[in-house]
Amino acid sequence: MVSRHELDSLLRLFDFPDANITSEKRSETTVPQQQLFVLNSPFMLDQAKAFSARVHNEAVANDETRIQHAFQLAYSRSASDVEVELGLAYLGREADKQTALTRWELYAQVLLSGNEFMYLD
């Protein structure tokens, strides 16, 4: 059920159409709030934690091996040399004290919220 007077805030976030107007076809849109929701939703944070744990359990050699494994799992391809370098540089930085997530969990969150993961080409 959709209330015409009080539209659910989550639906509004995803550009839900005005329930008072009829339309032959729903236009496809994306809004910036959608990506912010994906990045910060409790579901995505839980998935990032689980993905990070899986990568650590399956590829325990070193961070470079883990990065390659994470790319295989997330994108079904190997990470390029530049992607590995960027990943190692990010993982080597000092942990941010303002978040409860580990550096690897944050890295997993980025991989899971990337366009390559969300859209089929």
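Up top is the structure these notes are about.
Remember, predicted model here, so these are calculated numbers, not experimental data. (Residues numbered from 1 in each chain as written. Predicted model: local features only at pLDDT ≥ 70, side-chain atom pairs only at ≥ 80, totals over all residues. Heavy atoms only, no water.)

Core analysis: the largest hydrophobic core is formed by 18 residues, its most contacted members being Phe51, Ile67, Phe71, Trp104, Tyr107 and Leu111. Looking at this core, the elements with two or more residues in it are α3 (42–58), α4 (63–75), α5 (81–92) and α6 (103–112). (Core = buried A, V, L, I, M, F, W, Y, C linked by side-chain atoms within 4.5 Å. Buried < 20%, exposed > 50% of the residue type's maximum accessible area, 1.4 Å probe, protein only. Helix = DSSP H or I, 4+ residues; strand = E, 2+ residues; numbered from the N terminus.)

Before going further, it helps to spend a moment on the packing of helix α2 (residues 32–40) against α3. With their axes 5 Å apart at the nearest point, α2 and α3 run at an angle of 50 degrees to one another. As judged from the angle between their axes, α2 and α3 are oblique. Along its contact with α2, which presents Val38, Leu39 and Asn40, the element α3 presents Pro42, Met44 and Leu45. Within the contact of α2 with α3, the residues separate by chemical class into 5 nonpolar, 1 polar and no charged. (Axes fitted to C-alpha atoms, helices over the stretch in contact; angles between N-to-C directions. Parallel < 35°, antiparallel > 145°, perpendicular 65-115°, else oblique. Contact = heavy atoms within 4.5 Å. Nonpolar A, V, L, I, M, F, W, Y, C, P; charged D, E, K, R; others polar.)

Let us look at the environment of Lys49. Following the sequence through the fold, Lys49 ends up in helix α3. In the structure, Lys49 is positioned 56 residues away from Glu105 in sequence and 5.3 Å away in space, judged by C-alpha atoms. Look past the residues within four positions of Lys49 in its chain and what remains in contact with it is Leu101 and Glu105.

With 17 residues, α3 should cover 24 Å at 1.5 Å per step; its first-to-last C-alpha distance of 24 Å lies within 8% of that length. Among the residues of α3, those classed as buried are Met44, Ala48, Phe51, Ser52 and Val55. The buried residues of α3 occupy an angular sector of 100 degrees when the element is viewed end-on, so they sit on one face. Opposite the buried face of α3, by more than 90 degrees, sit the exposed residues Pro42, Phe43 and Asn57. (Expected span 1.5 Å × (residues − 1). Arc of directions from axis to C-beta.)

Turning to unusual backbone geometry, a few remarks are in order. Not every positive phi belongs to a glycine, and Ser76 is a case in point at roughly 60 degrees. For Ser76, the position within the fold is in the loop between α4 and α5.

Let us look at the pattern of salt bridges. According to the stated counting rule, one finds 4 salt bridges in the structure shown. For Arg66, the salt bridge identified is with Asp63, shortest N-O distance 3.1 Å. Within this pair, Arg66 and its partner Asp63 are both found in helix α4, separated by 3 residues, close to a single helical turn. Note on Arg66: relative accessible area 14%, which makes it buried. (Salt bridge = Lys/Arg side-chain N within 4 Å of Asp/Glu carboxyl O.)

Right, let's get into the packing of aromatic side chains. Using the criterion set out here, one finds 3 aromatic pairs in the structure. With 5.2 Å between their ring centres and 75 degrees between their planes, Phe71 and Tyr75 make a pair best called edge-to-face. Here Tyr75 and Phe71 lie together in helix α4, a separation of 4 residues that amounts to about one turn. Comparing Phe71 with Tyr75, the two get one shared label, buried. Among the aromatic side chains, those forming a connected cluster through ring pairs are Tyr90, Trp104 and Tyr107. (Phe/Tyr/Trp six-rings, centres within 6.5 Å; stacked < 30°, edge-to-face > 60°.)

Such coordinate-based values are descriptive only and should not be taken to indicate function.
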